[in-house]
Amino acid sequence: PSHDTDGGNLTLYNPAGITLEAKAISVGQDHFYPNPSSSVLTFSKELETLSIQDMQGHLIYQGNENQVDVSSWSNGMYIVNWTSKGKVYQEKFVKN
């Protein structure tokens with residue numbers, strides 16, 4: 001697959017000829033803390049949506065709270081996706 005960016009949008013092309021478009025995703029800007037964490041994950045921005053998945057793609061949490069208790073979660077890496085003020089964000093999170 002290849003991609004082009006245009007005006008903050010990302011267009012993906014795949015060999016099957018299907019074109020997918022999505023708004024730009026901001027990555028790696030540390031909008032939550034602490035990372036890694038063993039207890040509570042706190043977000044520094046007001047959230048519209050929040051979802052957290054394990055590395056196998058299983059949905060672990062979904063909501064819009066600015067604090068998430070992760071103390072009972074298994075140690076490992078997670079993918080955090082959220083929206084705030086119309087922007088989509090994605091970062092990795094480590095539970096220790």
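Each value, and the rule that gives it
Residues numbered from 1 in each chain as written. Predicted model: local features only at pLDDT ≥ 70, side-chain atom pairs only at ≥ 80, totals over all residues. Heavy atoms only, no water. Helix = DSSP H or I, 4+ residues; strand = E, 2+ residues; numbered from the N terminus. Buried < 20%, exposed > 50% of the residue type's maximum accessible area, 1.4 Å probe, protein only. Contact = heavy atoms within 4.5 Å. Polar contact = N/O pair within 3.5 Å; in protein donor to acceptor, adjacent residues only side chain to side chain. Patch = residues over 30% accessible without salt bridge, like charges linked within 9 Å, V, L, I, M, F, W, Y side chains within 5 Å. Areas by Shrake-Rupley, 256 points an atom, 1.4 Å probe, with all protein chains shown as cover. Salt bridge = Lys/Arg side-chain N within 4 Å of Asp/Glu carboxyl O. Pairing = 2+ DSSP bridges.

Trainee: Explain the environment of Gln62 here, please?
Mentor: Looking at where Gln62 falls in the secondary structure, it is placed in strand S8 (residues 59-63). Exposure remark for Gln62: the relative accessible area of 60% places this residue in the exposed category. Between the alpha carbons of Gln62 and Leu50 there is a distance of 5.6 Å; along the sequence they are twelve residues apart. Excluding its chain neighbours within four sequence positions, the residues that come into contact with Gln62 are Leu50 and Ser51.

Trainee: I keep staring at the side chain of Asn81 and nothing clicks. Help me out?
Mentor: Among the secondary structure elements, Asn81 is positioned in strand S10 (residues 76-84). Reaching out from Asn81, the side chain makes a polar contact with the side chain of Gln90 at a distance of 2.8 Å. Not counting residues up to four positions away in its chain, the partners in contact with Asn81 are Thr49, Leu50, Ser51, Gln53, Tyr89 and Gln90.

Trainee: Which parts of the structure should I look at to understand a nonpolar patch on the surface?
Mentor: On the surface, Met55, Met77 and Val94 cluster together into a nonpolar patch covering about 240 Å² of accessible area. Within the fold, Met55 resides in the loop between strand S7 (49-54) and S8.

Trainee: Would you take a moment to explain the sheet that holds strand S6 (residues 40-43) for this structure?
Mentor: Sheet strands pair via backbone hydrogen bonds, and the direction of the pair is either parallel or antiparallel. Spatially, S5-S6-S9 is the arrangement adopted by the three strands of the open sheet, whose pairing is antiparallel. The open sheet has two edge strands, strand S5 (32-33) and strand S9 (67-69), and neither has a second partner. Bridge count for S5 against S6 is two bridges, and the pairing is antiparallel. In the sheet register, Phe32 faces S6, and the bridge partner there is Phe43.

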